Every structure is written in structure tokens, then in C-alpha cells.
Amino acid sequence: MKNTPLVSVLMPAYNSELYIAEAIQSILNQTYQNIELIIFDDGSSDKTRQVIEGFTDSRIIKILSDQNYGVVRARNEMIDRASGQYIALMDADDIADPLRLEKQISILESGQYDLCGSAQWVLDEGTGQIKKSKDKFSDADLRALLSVYCGLCNSAMTGKAEIFKRFKYDTSILTSEDYYLWVQMAAARSRFLNLPERLITYRRYPAQTSSVHLEKFKLTTIEVQKKYLELLGINPDFYPRHLPFKQRLVNGIGLLRELNRRFPGVSLKANAEIYARFQYRRNGVYTPFTRLERLLVALWASLLVS
């Protein structure tokens, strides 16, 4: 009888013929080998399916759709099919470091965390430049910062399968479905960790920053931020946005107070980053005073629960 794999790696694919072979091979070459790799070809119109079918490794499970349903449905179907104790997410155009799963499973098996991500290399497909990602690593910082942005890279995340099967991706929040997934898990007290090692190379495309995409993302981001505050029992009017001085002191300090009470140990840097979302950050004569205000408010928030 075939042994049940400990880790199910989920890889949705749509018109990914240029990169998917490298993505698949990076998973098959992991130093941790007790895995299954579920690949969902979501009705690709290029040669993605031919590339997938060229792999014969017995650990690969292929789901081949003739219709394009979208990445959210593809991910949720793969979550349903996953048989591992842990689920690792992987996009068809990214590259996993050979040690990725070994390092993450070691952390998760210790029982201290429920979900484990990592820092990344960010490859700009438009320019060919590769940069280091800017990350936060502790559970308190990651969960507090979800109130202002998503500091977790989808392709770098591995976690307990039971949590993914409980929440899944919300089909009503497109363009920010990953953000909302982490928000739900964080509000339910799942414990997060980012490893400082760069275990994923994440590709960034010019199309990802198009004006159409950004406008939709801005709207759904606000929706997710408000939902997160509601789930935490915080007034959703505290959601982060630029405000005049008096109002940002009320809202910004109010949000920091509530977050630091719920997540003891938020760093000074993370508190400053959260409060910055309430400030006008244009360079100019007032910049030193803006930074001083940010530092003082962050210091107050950091000392609040110490």
C-alpha cells in the first residue's frame, strides 16, 4: 500500500509554458522527498499541458481542465484533493530553493507554529533584475501588519492542511483572495513564522502593476482590512488610510493600541510601519517631523504592553 505523503504541494497553472518546467523540477528536487505534487492545468491555451504531461514522476497528481475556472477554484479543488498533513503553496512561474520544504517542515513539526513562510528573491521579468524581499518574521509582527498589508508570499507558504481545509480561498474576494485567507487564519489565532532564508524566487511581471489591476486591488484591500478588524473585534473605522494630523492620531494610535493588546511583542519597526499608513509620506520640509511623529507613536505603542 502506498504511503501517504506528509506534504501536498499545490501548483495551479494557466498559460505557464515558459516557466512551469522549472517550477515543477524545483519541487521534485527538494531535499525533503515525502511529498505529492498536485498540478492543476486550468484550461491553458498554450503548451502548458504538454509540459506537465512530459513529467512522469509518480509523486505528481495531474488535474487537467479543458475550461478556465480561475486560480481560486483551482486552489480550492487542490486543497480538497490534498492528502498530506501539510500543504505547501507554489505558483507555476516561481522557483523553490532545494531546502525549502526541509526547513519549513522542520519548523512545523516542532509544533510551535501553524504556518511557515520565508523571505524571497524577487525577479523582475521586465528588467531581469533580482532583489531581496523586505520581510517581517515574527508571529506578532506578521499578524499585526496584516491590518495594513499582506506580508506573506503565497508561493513561500507551507502550513497545516487542516487549517487550509477549514478556510480555503474566498471566491467573492478576487485579486486579494490570498490576503483574505491569511487574515481569516490570523484572526482565528493561527501562529505564523517567516524564515529569514530566501527559499523562493518570485517572478514579478509588468502586468501585475497595471493600472486596472492596481485599482481593483486597492478596493479589495480596503475590504479585507475592514474584515480583518471586524474579525479581531476592532472598530473597522480604524482601517489604515491617510488622514489629517488630529484624526490620524485618534485612528492611528487607536489601531496600534488594539493591535498591541492582541499581539504582544509587535516590534518598534512594525508599529512605525503601521502608523505610517495614516501619514502623508511626500518628501519635503516636513519629512523630519513626520518621521519623528512616527517614531514617537511607535515607541509609545511598543511600550504599551511591555
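In what follows, the structure referred to is the one given above.
It should be emphasised that the depicted structure is a prediction, and the values quoted were computed from it without experimental measurement.

Conventions we followed
- Residues numbered from 1 in each chain as written.
- Predicted model: local features only at pLDDT ≥ 70, side-chain atom pairs only at ≥ 80, totals over all residues.
- Heavy atoms only, no water.
- Patch = residues over 30% accessible without salt bridge, like charges linked within 9 Å, V, L, I, M, F, W, Y side chains within 5 Å.
- Areas by Shrake-Rupley, 256 points an atom, 1.4 Å probe, with all protein chains shown as cover.
- Salt bridge = Lys/Arg side-chain N within 4 Å of Asp/Glu carboxyl O.
- Lys, Arg positive; Asp, Glu negative; His and termini not counted.
- Charge placed at Lys NZ, Arg CZ, Asp CG, Glu CD.
- Helix = DSSP H or I, 4+ residues; strand = E, 2+ residues; numbered from the N terminus.
- Disulfide = S-S within 2.5 Å.
- Buried < 20%, exposed > 50% of the residue type's maximum accessible area, 1.4 Å probe, protein only.
- Contact = heavy atoms within 4.5 Å.
- Core = buried A, V, L, I, M, F, W, Y, C linked by side-chain atoms within 4.5 Å.
- Polar contact = N/O pair within 3.5 Å; in protein donor to acceptor, adjacent residues only side chain to side chain.

A. Geometry of a positive patch on the surface. Together, Lys-131, Lys-134, Arg-204 and Lys-269 line one region of the surface with positive charge. Here Lys-269 is to be found in helix H10 (residues 268-276).

B. Just the state of the cysteines, in detail. One pass over the full model with this rule turns up zero disulfides. No disulfide involves Cys-153; its sulfur sits 8.8 Å from the nearest other cysteine sulfur, which is in Cys-150.

C. Spatial organisation of a nonpolar patch on the surface. A cluster of nonpolar side chains, namely Leu-268, Leu-292, Leu-295, Leu-296, Leu-299 and Leu-303, defines an oily patch on the protein surface of about 530 Å² accessible area. With five residues, helix H11 (residues 287-304) is the single largest residue contributor to the nonpolar patch. Note that Leu-299 resides in helix H11. Judged by its relative accessible area of 38%, Leu-299 falls in the partly exposed class.

D. Region of interest: the environment of Arg-294. Looking at where Arg-294 falls in the secondary structure, it is placed in helix H11. A sequence separation of 194 residues divides Arg-294 from Arg-100, and the C-alpha atoms of the two residues are 36 Å apart. Leaving out residues up to four positions away in the same chain, Arg-294 has contacts with Ala-272, Tyr-275, Ala-276, Gln-279 and Arg-281.

E. Fine view of the nonpolar core. Counting 54 residues, the largest nonpolar core has Phe-164, Trp-182, Met-185 and Phe-192 as the members making the most contacts within it. The element best represented in this core is helix H7 (residues 177-187), accounting for seven residues. Sequence-distant contacts of Phe-164, that is, excluding residues within four places in its chain, are made with Ile-79, Ile-87, Leu-89, Leu-115, Gly-159, Leu-181, Trp-182 and Met-185.

F. The arrangement of the side chain of Asp-91 in detail. Structurally, the position occupied by Asp-91 is in the loop between strand S4 (86-89) and strand S5 (95-96). Engagement of the side chain of Asp-91 in a polar contact is seen with the side chain of Arg-75, the distance being 3.1 Å.

G. Highlighting the pattern of salt bridges. Within this structure, the stated rule accounts for 17 salt bridges. One salt bridge connects Asp-80 with Lys-168, and the closest N-O pair in it is separated by 2.5 Å. In this pair, Asp-80 is assigned in helix H3 (residues 71-81) and Lys-168 in the loop between helix H6 (161-167) and H7, connecting sequence segments 88 residues apart. By relative accessible area, which is 22% here, Lys-168 ends up partly exposed. When the shortest N-O distance is used, the salt bridge between Asp-114 and Lys-160 registers 3.0 Å. With Asp-114 in the loop between helix H4 (100-109) and strand S6 (115-124) and Lys-160 in strand S8 (residues 158-160), this pair connects stretches of sequence that are 46 residues apart. Assigned by exposure class, Asp-114 and Lys-160 land together as buried. When salt bridges that share partners are traced, they join Arg-257, Glu-258, Arg-261 and Arg-262 into one network.

H. Region of the structure containing the environment of Lys-227. Along the polypeptide, Lys-227 turns up in helix H8 (residues 211-232). Residues contacting Lys-227, with those up to four places away along its chain left out, are Ile-173 and Tyr-180.

I. Highlighting the side chain of Lys-136. Tracing the sequence through the fold places Lys-136 in the loop between strand S7 (130-132) and helix H5 (139-145). At 2.8 Å, the side chain of Lys-136 and the side chain of Glu-273 are in polar contact.

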